[in-house]
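Okay, here's what each chain looks like letter by letter:
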Amino acid sequence: MSIHIYFEEIEPLNIKKNQVKSGIKALITREFNKVGLISIILCSDNYLLDINKKFLNHDFYTDIVTFNYCEIDIISGDLFISVDRIKENANLFNTSFNKELYRVIYHGVLHLIGYNDKTDDEKVVMRQKEDFYLNEIDFR
């Protein structure tokens, strides 16, 4: 089990990597799964746009693209996250950069676990799960 954080086309951020990793581990464990190999790639808008085009045939900016490599109850995958989108969304939703970053990371992990957000009902469940796990973090 391991969780890695990488930076592509951006300067490394001063984030609490151990806090991020322990939060992910707690989320996965509480959802009755095991931590496999998870890579979090924090990147620029353009880097993620290229990923979105190349692998999903989507020609638009997004905050996260998740690649799922899970096997049964072992949660593994790659989370590509646009720091530019995180900054913009934090301003848009009047929240801190760190809280928005965690929300998007948890959102991606919840997708790996099997939660979806295609329907209105699924979106409600996803948001409730995000909020539940975010409430366990001290953002001060």
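Conventions we followed
Residues numbered from 1 in each chain as written. Predicted model: local features only at pLDDT ≥ 70, side-chain atom pairs only at ≥ 80, totals over all residues. Heavy atoms only, no water. Pairing = 2+ DSSP bridges. Helix = DSSP H or I, 4+ residues; strand = E, 2+ residues; numbered from the N terminus. Axes fitted to C-alpha atoms, helices over the stretch in contact; angles between N-to-C directions. Contact = heavy atoms within 4.5 Å. Core = buried A, V, L, I, M, F, W, Y, C linked by side-chain atoms within 4.5 Å. Buried < 20%, exposed > 50% of the residue type's maximum accessible area, 1.4 Å probe, protein only. Disulfide = S-S within 2.5 Å.

**Some words on the pairing of strand E3 (residues 64-68)**
- With five bridges joining them, E3 and strand E4 (residues 74-82) adopt antiparallel strand pairing. Counterpart to isoleucine 64 in the pairing with E4 is isoleucine 81.
- Where E3 folds back on E4, the antiparallel hairpin that results is connected by five residues, among which isoleucine 72 adopts a positive phi of roughly 50°.

**Regarding the sheet that holds strand E2 (residues 34-43)**
- Strand order in this open sheet of four strands is E1-E2-E4-E3, and the pairing throughout is mixed. The open sheet has two free edges, formed respectively by strand E1 (2-8) and E3, since each of these has just one partner strand. Mean inter-strand twist for the sheet, computed between neighbouring axes without regard to direction, equals 15°.
- The pairing of E1 with E2 spans seven bridges and is classified as parallel. Each residue of the ladder has a partner; that of phenylalanine 7, found in E2, is leucine 42.
- Sheet contacts for helix H2 (residues 45-56): E1, E2, E3 and E4; angle to E3, the most-contacted strand, approximately 45°.
- Against the sheet, helix H4 (residues 97-113) touches E2, E3 and E4, its axis set at about 140° to E4.

**As for the nonpolar core**
- Within the largest apolar cluster, 31 residues are counted, with the highest numbers of intra-cluster contacts made by Ile24, Ile28, Ile40, Leu42, Ile81, Ile105 and Tyr106.
- Of all the elements in the fold, those that place two or more residues in this core are E1, helix H1 (17-30), E2, E4, helix H3 (83-92), H4 and helix H5 (120-134).
- If one sorts the elements of this core by residue count, H4 sits on top with nine residues.
- Core analysis: the next-biggest nonpolar cluster, separate from the first, contains seven residues, Cys43, Leu48, Phe67 and Phe80 among them.

**Description of the state of the cysteines**
- Summed over the entire model, instances satisfying the criterion amount to zero disulfides.
- The thiol of cysteine 43 is unpaired, and the distance to the nearest cysteine sulfur, on cysteine 70, comes to 20 Å.

**Quick word on unusual backbone geometry**
- Positive phi is not limited to glycine here, since glutamate 9 has a value of about 60°.
- Of note, glutamate 9 is situated in the loop between E1 and H1.
- Classification of glutamate 9 by relative accessible area gives exposed; the value is 55%.
- Positive phi outside glycine occurs at isoleucine 72, with the angle close to 50°.
- Looking at where isoleucine 72 falls in the secondary structure, it is placed in the loop between E3 and E4.
- Isoleucine 72 gets classed as exposed once you look at its relative accessible area, which sits at 87%.

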